[in-house]
Structure formats: C-alpha cells, structure tokens
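Each chain, written out:
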Amino acid sequence: MPAAEARIQARLERLRAEIDYHNYRYYVLDDPVIPDAEFDRLMRELLELEAAHPELATPDSPSRRVGAAPLKAFAQVAHQVPMLSLNNALEEADVVAFDRRVREGLGRGPIEYAVEPKFDGLAITLHYEDGRFVQGATRGDGYTGEDVSANLRTVQAIPLRLGTEAPPRWLEVRGEVIMLKRDFERLNAEAREKGEKEFANPRNAAAGSLRQLDSRITARRRLAFYAYGIGRVEGAGLPETHDRVLAWLEGLRFPVARERRVVQGVEGLLAYFAELGAKRAGLPYEIDGAVYKVNRLADQRALGFVARAPRFAIAHKYPAQEELTTVEAIEVQVGRTGTLTPVARLKPVFVGGVTVSNATLHNQDEIDRKDVRVGDAVIVRRAGDVIPEVVAVVRERRPRPEPERFDILARYPVCPECGSRVVREEGEAVVRCTGGLYCPAQRKQAILHFASRRAMDIDGLGERLVDQLVDRGLVHNPADLYRLDLATLAGLERMAEKSAGNLLAAIEKSKHTTLARFVFALGIRNVGEQTAKDLARHFGRLEALMAADEGRLTEVPDVGPVVAASIADFFREPHNREVIAKLVAAGLAWPEGAGTAPAAGALAGKTLVLTGTLPSLGREEAKARIEAAGGKVAGSVSKKTDYVVAGAEPGSKYTKAQELGIAILDEPGLLKLLEQGDV
Ligand code: IVH
C-alpha cells in the first residue's frame, strides 16, 4: 500500500473508532462527551473520505448506519443455537412452583436468580466474528430467522465493533430490539400530522421498522436494543454466572438493562416483581413482565430444557395492558360544562388487572382519526390508573357490510340529558350542549356559578348545599332557588333554622341586581364578567340582548365571532329562555335601560386600549378613570377601538393601532381627554 493510501487508511480507522465511541456514549450510556456539532464534523469527514476512496469502505463503518438500498427479500438464517421461548408465570403460584421445580432439579436451595425486565419488543441475535458485526437475524420460528443485518446496522445502540482489544473469535449476542416510548410518541405524532396510519404500540412499531426491506426507513425510526444473553461463543472464557455474562457484554459496549439484579429464593423474585412493577410506568421502554433466570450457568446446563423452553428460566408477566374486544355501541357522556364526550361501550374484557366495559374516545377528531365504528374489533388499553382508551381498530375484522362512520352531531343533534341543541364551535374539537341552565348534567355547576359572589352573590349557597338541593330534586335550575321555603331549607343536613333563614334572606336580596351580573350569572360559554358588563352596557335591556343576532353582537367591543356564536346559541335554546322567563317572573330585577356605567360622561361610548407603562397613572387607575367617565377599556386593538393610550415600551397593540390608523395618545393626552371628552 502506498504511503499516502496508508495514511488515509489510518485516518479512516481513527475516525471510525472515535465515532463508534461517541455513538456508544450517546446511545448506550446516554452520556455524550462532545457536542452534536463536533460529532457531525467527524461524521462528515468520514463520509467524505469514504466517498473519495470507495475501495477503503468497510461494512462495519459507522457511516453505514444510515441504511442501504432496498432488498428484494430477506435471506433465511439458520440459528446455530436455537432461539427458544420462555414459559410464562401469570400468578404467584406459578412462580412458587417454578422455584420448587428448580430446587428439586438441583437438589438444593435457596437458589440465586438473575432477574431482569422482560422487554416488549422483538428478539434478535447478533453475530460477531473477531469483534466485528457480521450478521443479525430475527428469531423466526426459533430455528430459522430472517437476515436483517442491513437494518440492524442502523440501530445506533448496536456496536458494529466490540469494545475490546481481544475479541472472541465468534460471539452471538441475544437481545431485544425495542422502540423507546418517547421515539414511539414522536413517530406517531409525525404520522398523525401527515395523516398516515399510527402504530398501536411500541412493539408493533419496532417490529414494523425492523422488517423493512429498505433499511433507510429503519434508520429514520430510531430503534433501541438491549442485550439479555448469548448464543454460541468461541475463543473466550465465559464467566460462571448470568449476571457476569451481562456485565461482560456491558464491557463490550452492549446496552444492558439497568434494572437487573441478583436475588435469593422465591421471596427475592416476588419482591423484584413488585419493585419493577412500581417503576414500570416511569421506564423509558415498555415491559410486559420480569424474567427470572437461575444465575449459575452450570446449574442452567444441569436443568436443561423441556420442549421449546428452558427449565432454568421463566417470564413472570404483568396483567396485559392491551386486549382485543368489540365496540357494542358508541354513546356520549355530558360533562359538568356541557361537553359531550363519546364513550365506546365494549364487550367486557379483562385488561390491566380489571374488567373494562367502557373506553373514552375523547372527541370527534379522535373518532375520525382512529375511524372507530360500532361493531369494530378494537384494541383497548388500560395502563396503570389511566382511563381505558381505544388504541386502534383491527380493520381486517370490520363487519360486512361496513357499519357507518360515527358522527356525534348526526347521532346526537340534541343533548341526551336534556334535549337541548348540541353545537360544535368552529375550530373546536368538542361538541357541547347549549342547555346550560336547564341540563341536568350541568345543573350543579350552573347553580353554583349562578349563586357565586360576582354573579348573583347568594351568600351561603355552597357546594354541599347545592349537592343536597339537586340530589333531593328540590332544585332543577336556578329559578327553583326562588321557590324554596324556610321549612324545606331547615330540613337539609347541616342546616338549622337560623342558617336557613339567613340563606332565604340572601336569596331574596339577590333579586335586586344589575343586568351585567344577571348576564354573567347565566353562565353563557365564553362570557366572563367583563364581557357581561360590555353586553349590558351595549344593549341596556335584556330583551334587546336576547334578540340580538351574531352580527349585532359583534358590534360590541371585544366580542368576536366565537363569543357572539356562544351567546346566540345560548339564547336560541328554548330551555334557557324558559328558565330566564321564570327568573324574571320570580321577581329578579335591575335598573332598566342604562347599563352598568353612567350613560353620559366625557368618554361615553368610547373604547380605549392601554399599552406600555404610563409615567404616573398606574394601569388600574387609568382604567378606573376611563370607566368613571363612561368609557370602556378593551384588551385588544380592533376597528372598534377609538383611542390607544401608549406609555413607555408599548407592545404590539401600538403597531396594530398605527396600522389601523387609530388615534394614539400619551398620558397627558389621556388626561386631557378625560377632562374634555375630546383632544
Ligand atoms: S431470555 C431461552 N430475557 O421473551 C430463552 N427473553 O418468551 C431466552 N424477552 O423471545 C430468552 N426480555 O424476545 C429473555 N430479559 C429477557 C427478555 C426476553 C424479553 C423476550 C424474548 C423472547 C421471549 C421469550
């Protein structure tokens, strides 16, 4: 080899070793020592050198991790040592029996076990010769698998060269290819964005990614790997125990579960099961159980195998978190705020340790995305204490003829609780009932809000009382509050004659109110205290407000199309009008004609917007003075704004005012305006 080529060869070797090391720090130890930019520089240099000298490229170069041209099919690989499966223990008794068999088989006890998580991915075997990765295969039927070497090369956590000066001549490492939870979430989020099909769980995602004929796709999926054992080994002395085998693999730069332990006897196994179960939700990867292995390799050999599983190991499984069942119906639940949440009624199924017969479908977008229909076979998931949910539909099992798509609005044009109209606001995922005052599902919430301090201010009407009044059928809507008498109230829990009298007086007192408070008390969606004030001032009379269409409503400062639609929907609903009529009949009254502010004042009818810091007036004082003069302070600049008052460091409202050609004042300008009503 000429000297120049030898130099390049040496540089290539050096680069590959460095990149391998940094990959290992990053993907296996999760502890990088150089910044990404530096890593990218090394990789770029390697790629350039290899491109300039294709004759010096090697299959175990880290540059190969990006994937190669697609294959036509996977080649078959016969496993040198079969890849067997494990027997399962589903209950404690199975574990106790396993330990007894082991003790009897070895003629002694207690036994030392190596214990580790049972990864929920797919088993693979990795074959190294003289420290270099030569081939990797799936488990297949246990005796013959598929050659997925090109794909495995793209898995950053799998070493392409072993981290040792003196590698074994032949080494087969066994482990699990998985997808970390965070990479799974990311992959599905991307699929959602592109409108593509999502994977049901990380295991399916890992399997689907590893069995790609185009390894460039695998490379983009970010698979992970954990080693849990060995196959054929030649040219290396093996340690005496399984835990030391894993430690040895770790030294060769393979990722090995941090959660592994060595424990004694069946008590140790069960304690580990509980400990791992408690950590399960917080682990970066999915597990479906724990694996227990007799620690001493000589004991493992002595125990041997039955059929296709070892006698020296067992998988102790957690109750499945996902199960298959069918959707018998889709119904809706009306929440306290009027939201209609679709719920799948399921054929009961045991999942995550309990029997599940309902699963949330969240909202219409979710139903559309997963395309869940009545009669569908679905995967339901219940993880930990999380509400069960439908993960995916098994499309192949959809009944024929196909059931219709499920559309909440079409199926429930009116609320199943109260018969009021149901709407879906523009740009919103949720569907709502518009019968705010009347709907039983919203009853307690509506009454509590109605009585609250800033609304009708009925002192003493708290959550406990509302619960009792509603549960006993004494109050169905706010109007019923005005029909309560002393005897009824005194008969409630925790109510004496005196407190009942006080409450009655508070109810009576609330009859004299303002239009703004009354409008706020109705609990119209998107109508807070300020908007209620604006509406009262603008319309002056309740009848005028109730008659206003969306166009008229948007004339009110700060009322946009969404708020206007909520208001119009609310008053369009006959049930709400009925309750309002009853309230008025009960004697609720407010000063008519005028709104909440003086009709005349220097700023009557004017809308101002404040931005930046005013030199001497605080924001609150400025606001109070403007309101005292009959003006209104709005939160954002629009065509309806009359003046923008700008202090130091004004924000985007200032620019907006300039764009719209709205008069801009400073503090002296505002003070003058307050005095004269003009500038
Ligand atoms: S040991 C001779 N250890 O479980 C058996 N397997 O049913 C060697 N698995 O196909 C398997 N985590 O895919 C072993 N820590 C672990 C494991 C594990 C997951 C899977 C593996 C295997 C299946 C056995």
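We now turn to the structure provided with this report. Keep in mind the model is a prediction, meaning the values are calculated, not measured.

Procedures and definitions
Residues numbered from 1 in each chain as written. Predicted model: local features only at pLDDT ≥ 70, side-chain atom pairs only at ≥ 80, totals over all residues. Heavy atoms only, no water. 1 Å grid on protein atoms, 1.4 Å probe; cavity = no way out; pocket = protein on both sides within 12 Å on 5 of 7 lines; lining within 4 Å. Points joined across faces, edges and corners; volume = space filled by probe spheres on them. Nonpolar A, V, L, I, M, F, W, Y, C, P; charged D, E, K, R; others polar. Near = heavy atom within 4 Å. Polar contact = N/O pair within 3.5 Å; in protein donor to acceptor, adjacent residues only side chain to side chain. Areas by Shrake-Rupley, 256 points an atom, 1.4 Å probe, with all protein chains shown as cover. Helix = DSSP H or I, 4+ residues; strand = E, 2+ residues; numbered from the N terminus. Pairing = 2+ DSSP bridges. Contact = heavy atoms within 4.5 Å. Axes fitted to C-alpha atoms, helices over the stretch in contact; angles between N-to-C directions. Buried < 20%, exposed > 50% of the residue type's maximum accessible area, 1.4 Å probe, protein only. Core = buried A, V, L, I, M, F, W, Y, C linked by side-chain atoms within 4.5 Å. Arc of directions from axis to C-beta. Phe/Tyr/Trp six-rings, centres within 6.5 Å; stacked < 30°, edge-to-face > 60°. Lys NZ or Arg CZ within 6 Å of the ring centre and 35° of its normal.

Enumeration according to the criterion identifies 1 cavity of 30 Å³ or more in this entry. Within this model, the largest cavity holds a volume of roughly 90 Å³. Lining the largest cavity, in full, are D20, N23, Y24, V28, R65, Q156, A157, I158, P159, L160, R161 and R253. Taken together, the residues of the lining of the largest cavity break down into 6 nonpolar, 2 polar and 4 charged.

Moving on, we come to the site of the ligand. For the ligand, the set of nearby residues contains 14 residues, the closest of which are E116, P117, F119, E176 and K293. Between a nitrogen atom of the ligand and a main-chain N or O atom of P117, the distance comes to 3.0 Å. With respect to the ligand, the side chain of K293 contributes an N or O atom lying 3.0 Å from a nitrogen atom. Contact with the protein chains removes 85% of the 520 Å² of surface that the ligand exposes when unbound. Where the shell around the ligand is concerned, the elements lending two or more residues are β3 (112–119) and β10 (287–294).

Once that is clear, we can look at the side chain of E146. Here E146 shows up in strand β6 (residues 144–146). A polar atom in the side chain of E146 sits 2.8 Å from the side chain of R211.

The subject of this paragraph is the sheet that holds strand β2 (residues 88–89). If you walk across this open sheet you meet the 5 strands as β2-β13-β10-β3-β9, and the pairing is mixed. Whereas interior strands pair on both sides, the edge strands pair on one side only; in this sheet they are β2 and β9 (261–264). As paired strands, β3 and β9 are joined by 4 bridges and run antiparallel to one another. The partner of E112 across the bridge, within β9, is Q264. Contacting β3, β9 and β10, helix α8 (residues 242–251) crosses the sheet at an angle of about 50° to β3. Across the sheet, helix α9 (residues 265–279) is in contact with β3, β9, β10 and β13 (313–317); its angle to β9 comes to roughly 140°.

With that settled, the discussion passes to the side chain of H316. As for its placement among the helices and strands, H316 is situated in strand β13. A relative accessible area of 3% means that H316 is categorised as buried. Among the polar contacts listed, one links the side chain of H316 to the side chain of Y292, at a separation of 2.7 Å. The residues touching H316, leaving out its near neighbours within four places in the chain, are A89, E91, V95, L270, F273, D288, G289, A290 and Y292.

Counting 55 residues, the largest nonpolar core has I458, L461, L481 and L535 as its most contacted members. Counting residues per element, the ones that place at least two in this core are α13 (443–451), α14 (463–471), α16 (497–509), α17 (515–521), α18 (529–539), α19 (542–547), α21 (561–572) and α22 (574–585). Beyond its immediate chain neighbours, meaning those up to four positions away, L481 contacts I447, F450, I458, L461, L469, V475 and I507. Among the nonpolar cores identified, the runner-up in size contains 32 residues, and L126, A205, L210 and L252 belong to it.

Buried within α8 we find H242, V245, L246 and L249. Buried residues of α8, viewed axially, fall in a sector of 95°; they line one side. Against β3, β7 (170–178), β8 (224–234), β10 and α10 (297–303) lie the buried residues of α8. A positive backbone phi angle near 85° is found at R253, which sits one or two residues after α8.

Phi is mostly negative for residues that are not glycine, and the peptide bonds are mostly trans. A cis amide bond links G109 with the next residue in sequence, P110, at an omega value of -5°. With respect to the helices and strands, the residue P110 is situated in the loop between α3 (92–106) and β3. Cis peptide bonds are those with omega within 30 degrees of zero, and the linkage from R400 to P401 qualifies with -10°. Within the fold, P401 resides in the loop between β18 (389–393) and α12 (408–411). Phi is positive for R494, which is not a glycine, with a value near 60°. Inspection of the secondary structure puts R494 in the loop between α15 (486–490) and α16. R494 sits in the exposed class, given a relative accessible area of 66%. Positive phi is not limited to glycine here, since E649 has a value of about 45°. Looking at the element boundaries, E649 is found in the loop between β23 (643–646) and α24 (652–660).

Looking now at the packing of aromatic side chains. Where two aromatic rings form a pair, the distance of their centres and the angle of their planes describe that pair. This structure, assessed with the given rule, holds 12 aromatic pairs. Summarising the aromatic geometry, the rings of F273 and Y318 are spaced 4.3 Å apart at their centres and angled 15° between planes, so their arrangement reads as stacked. Of this pair, F273 sits in helix α9 while Y318 sits in the loop between β13 and β14 (322–334), and the two are 45 residues apart along the sequence. Relative accessible area serves as the criterion here: at 16%, F273 is assigned to the buried category. Take Y318: its relative accessible area is 10%, and that puts it in the buried class. For the pair F450 and Y482, a centre-to-centre distance of 6.5 Å together with 85° between the ring planes defines the contact as edge-to-face. Remark: Y482 occurs in the loop between α14 and α15 and F450 occurs in helix α13; sequence separation between them is 32 residues. Side by side, F450 and Y482 carry an identical accessibility label, which is buried. Three or more aromatic residues link up through ring pairs in this structure, and these residues are F119, Y226 and Y285. One Lys or Arg, R232, reaches over the ring of W170 and ends 3.9 Å from the middle of that ring.

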